[in-house]
Amino acid sequence: MIDIYLDNSSTTRPYPEVTELMGTVLSETYGNPSSLHDKGLEAEKLIRQARRQIATLINRREDEIVFTSGGTEANNLAIKGVSFRNSQRGKHLLCSSIEHLSALNSFRSLEREGFEINFLPVNSRGYIDPGEVNKLVRDDTILISIMHVNNEIASIQPLKEIGYQIKVVNPDVLLHVDAVQSFTRLPLRLEEWKADLASFSAHKVHGPKGAGCLWIREGTKLQPLFDGGEQERGLRSGTENVAAIAGFGLAAKLSSENQKHKMSVVSSLKKTFINKIQESGIHCLINGPLQEEGAPHIINLSFPGLKSEILLHALEEKGIYVSAGSACHSRHPEPSHVLKSIGLNRQALEGALRFSFSIFNNEEEVITAAEETIKIVRHLSGLIK
Amino acid sequence: MILKVLVRYGEIALKGKNRNQFEQQLHQNLNAAVREYNASISRLHGRFIVTGPAEYKDQILKQLSRVFGVVSVSEVWETELDLEMIKNESAEIVNLVPPESQTFKIATRRANKKFPYPSPEMNRLLGSHLQQLFPSLIVNLKQPSFKISLEIGFDKAYLYLDSVSGPGGLPVGITGRSLLLLSGGIDSPVAGWMAMKRGLTVEALHFHSFPFTGRRSQEKAVELCRKLAQYSGKIPLHIVSVTNIQKEFKANCPDELAIILLRRMMLRLAEVVSEKRYLKALVTGENLGQVASQTLESITVIAKATEMLVLRPLVGMDKRDIIELAKRIDTYDISIQPYEDCCTLFMPRKPVTKPKIEIIEKFEAGLDIETMLEEAISSIETVIVKR
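Residues numbered from 1 in each chain as written. Chains lettered and ligands numbered in written order. Predicted model: local features only at pLDDT ≥ 70, side-chain atom pairs only at ≥ 80, totals over all residues. Heavy atoms only, no water.

A short note on the overall build of chain B
Applicable threshold: Helix numbers and strand numbers start at the N terminus; a helix is a DSSP run of H or I with at least 4 residues, a strand a run of E with at least 2. Throughout, radius of gyration means the C-alpha value; the globule benchmark is 2.2 Å times the number of residues raised to the power 0.38. Burial classes: relative accessible area under 20% of the type maximum marks a residue as buried, over 50% as exposed, and values in between as partly exposed (1.4 Å probe, protein chains only). The contact definition used throughout considers only heavy atoms, calling two residues in contact when any of these lie within 4.5 Å. Here the open area of atoms and residues is found with the Shrake-Rupley method and a 1.4 Å probe, where only the protein chains shown may cover a residue.
In terms of helices and strands, chain B carries 13 helices and 15 strands. Its C-alpha atoms give chain B a radius of gyration of 26 Å, clearly above 21 Å, the size a compact globule of 387 residues would have. Considered along the principal axes of its C-alpha atoms, chain B spans approximately 85 × 40 × 35 Å. Out of the 387 residues in chain B, the part that is buried amounts to 53%. Put simply, of all contacts in chain B between residues at least 6 apart along the chain, 79% involve residues at least 24 apart. When the accessible surface of chain B is split by element, carbon and sulfur atoms take 50% of a total near 18200 Å².

Spelled out as structure tokens, the structure:
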């Protein structure tokens, strides 16, 4: 039975080493890291190790990492935490129109709390124009949140230019980077970008669901989302998800080893796939950046005239797993806000599929997937008059 | 602690010589509903008494109140047929009532006429006893803040405060076995519920057209059956693929006939399943006039595909009533989840509203209907969905 998983932007298969480690931690290192006895200490050590692993990878200090339940919580903590804590400086916030829903909806709820938000538009390839950003920065702007790599269309934002432009106008504006998709795939130049916060998620880097973290530059003030036992320096109360955090550290480490080589492999898988599709002559459009410009692991294609859900299920029937629009919100029948922001027409919106690759895929798989896609598109085009 | 629950049933007590059979079926269904809580059922002068562990009180009352045939249920306190013991028990019950409830009444029902005190006298005796014990209590026959009811049985007396309504109707299984055509929509689960209410055992048949519909829409059918099984214990769900049937029609017939042709195939498939499972009637969520396939002409042409009796319990209901009932039986929220079911794709823009049987039959004659049916039947999967 064919089983080709091309939905790595939604979530990834964990490394066997990670699941093995987590199993051991769950059954043996079950102590509460806050407990004073040895069982607690063992658990605390695992968390410390994971913290060290992540900090090393992003080249920052360990005490700047706050573990969370995942990317969504990291984004919420960054956006709401900074805004509430710094509201005496101003109530103006900025973010792009193609942020992940965990960021967009955090801003929307701040809007209801009396904050003023400006959403930065993107061009038809999904890029923010840094020259436009500085026009929107004001004296009372406190935060700007930008996603490094977009999870649906793979656009990589020019963070260096954006960071430069905002800080020129107002050096007090904090820059939050949602690095969930780029972590371990692209170099993270937090210094060069002049970033102050960055969000990460474990399950996008072959780790478990239920863990992630927020990097917070030393000195940045945040209000926590939860009240409780003051774990994570008071910024994230709640007993730590020890096994998942340990798994996160290991997964991040393994994913980052030979990063360049791995990404050139993934990138060539994507290239092979697109070439196959394009050579076949079926009607198909690339949404977002052209394949060589975008992040190496994601390609978003539209098959105008066909419905993405049907294509998705037809591929599923062949054992090939992809995403319609963005899996995080494919439970909603509305088209993706990202694809709408880059100005796709209705047909292209309805026929959009996202293929996302990982190092667990191989050449043979993507060729099979491309061939099946071509077959299905031809079959369905004939059927749906 | 032991919990006692009095179960009242209405309609079935009226059915003359069938009464015994009805009571047996209800007995069996009640038993099935509370067996997992180690409760047992005994019969009593036109009522049932359920005895079980008090720790499961809420669960047992909820389960009993969902058994068709049950009119209402009450938690009761049992005593010997002895005036003093009844008095003592009634005082215990007053202690359970919130202290701010000041007005009360007593309502006695003397099924056992050998008991020496007639009902009005019992009311007076108990009332004055309680007023002596609790001087702040005031009798109010019209609008009491609480009412103590007393049933004088043949062996025991029962006292109780409140009643929870049951769904009424007839015990499931008493009128026969049926097959419900279950889509993912709002109507068909309600139709199934109404069929069960009239005593039918229900099995369900769901059609999908994977990959044109997702697996989640099949999961929806399972979840709907789980809700219906709350009332009947379990629902066998048969799932059939009609993808190839729809493709055949798409390729060979005009678009506007697609729905009528598909519905006729669904009835034929339902007939095959019914034969295998010894089911004697089909139940559908069809209504009149809501959509094109539900005009009188369409329903007539669709129904001609089968000889079987087709029951349409929703035909007398407005959409609003159906939605209200769907919410009450808790299927509504599942039904409105946005997964496509097999009717929304291949949907013609302008479906025919007054189909002609001759034309439909002409197109069917050009197709190998038997093979299409066989192929679909071979795809059948059955799951038993339990409460």
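Okay, back to it.
Digging into helix H1 (residues 19-34) of chain B
Note the cut-off: In a helix, the anticipated span is given by 1.5 Å times the number of residues less one.
Over its 16 residues, H1 of chain B runs 23 Å from end to end, which matches the ideal 22 Å to within 8%, given 1.5 Å per residue. For H1 of chain B, the elements touching its buried residues are strand S1 (2-9), strand S2 (40-44), strand S3 (47-53), helix H2 (57-64) and strand S4 (70-80) of chain B.

Comments concerning the environment of His-129 of chain B
Here His-129 of chain B shows up in helix H4 (residues 119-133). Placed 13 residues apart in sequence, His-129 of chain B and Pro-116 of chain B show a C-alpha to C-alpha distance of 18 Å.

Quick word on the confidence of the model for chain A
This is how it is decided: Every residue carries a pLDDT, the predictor's confidence in it, which falls somewhere between 0 and 100.
For chain A, per-residue confidence averages 94 on the pLDDT scale, and residues scoring 70 or more make up 97% of the total. pLDDT under 50 marks residues 326-330 of chain A. Its contacts with residues more than four places away, or in other chains, come to 12 contacts.

Overview of the sheet that holds strand S11 (residues 200-208) of chain B
All names here are of chain B. Rules: Pairing between strands is defined by DSSP: at least two bridges between them are needed. Structural elements are reduced to axes, namely lines fitted to C-alpha atoms, with helices fitted over the stretch in contact, and the angle between N-to-C directions of any two is expressed from 0 to 180 degrees.
Strand order in the open sheet made by the six strands is S14-S13-S10-S11-S12-S15, with mixed pairing throughout. Of all strands in the sheet, those with a lone pairing partner are strand S14 (309-311) and strand S15 (381-386), marking the two edges. Ignoring which end each strand starts from, the neighbouring axes of this sheet average 30° apart. In terms of strand pairing, S11 meets strand S12 (residues 234-241) through five bridges, oriented parallel. Among the inter-strand pairings, Phe-207 is bridged to a residue of S12, identified as Val-240. Its contacts with the sheet place helix H8 (residues 258-277) against strand S10 (176-181), S11, S12 and strand S13 (281-283), and it is angled at close to 150° to S10.

Quick look at the packing of aromatic side chains
What counts is decided by this rule: Pairing of aromatic rings covers Phe, Tyr and Trp, the last through its six-membered ring, and needs centres within 6.5 Å; plane angles under 30 degrees mean stacked, over 60 mean edge-to-face, and all others mean tilted. Either the NZ atom of lysine or the CZ atom of arginine qualifies as a charge over a ring when it sits within 6 Å of the ring centre and within 35 degrees of the ring normal.
Per the counting criterion, the structure on display carries 14 aromatic pairs over all chains. On the basis of an interplanar angle of 75° and a centroid distance of 6.0 Å, the ring pair of Phe-84 of chain A and Phe-115 of chain A is categorised as edge-to-face. Of this pair, Phe-84 of chain A sits in helix H3 (residues 71-85) while Phe-115 of chain A sits in the loop between helix H4 (101-112) and strand S4 (116-120), and the two are 31 residues apart along the sequence. We classify Phe-84 of chain A as partly exposed; its relative accessible area is 31%. One aromatic cluster is present, built from ring pairs that chain together Phe-67, Phe-183, Phe-200 and Phe-248 of chain A. Its guanidinium or amino end placed over the ring of Tyr-231 of chain B, Arg-66 of chain B lies 5.7 Å from that ring's centre, counting from NZ or CZ. Lying over the aromatic face of Phe-363 of chain B, Lys-362 of chain B brings its terminal NZ or CZ to 5.0 Å of the ring centre.

Re the environment of Ile-298 of chain A
Residues and elements named next belong to chain A. Tracing the backbone through its elements, the reader meets Ile-298 in strand S10 (residues 298-302). Each C-alpha atom of the pair Ile-298 and Gln-181 lies 9.7 Å from the other, and the pair is 117 residues apart in sequence. Residue contacts for Ile-298: discarding those within four places in its chain leaves Ser-9, Asn-150, Asn-151, Glu-152, Ala-154, Gln-181, Lys-270, Arg-354, Phe-355 and Ser-356.

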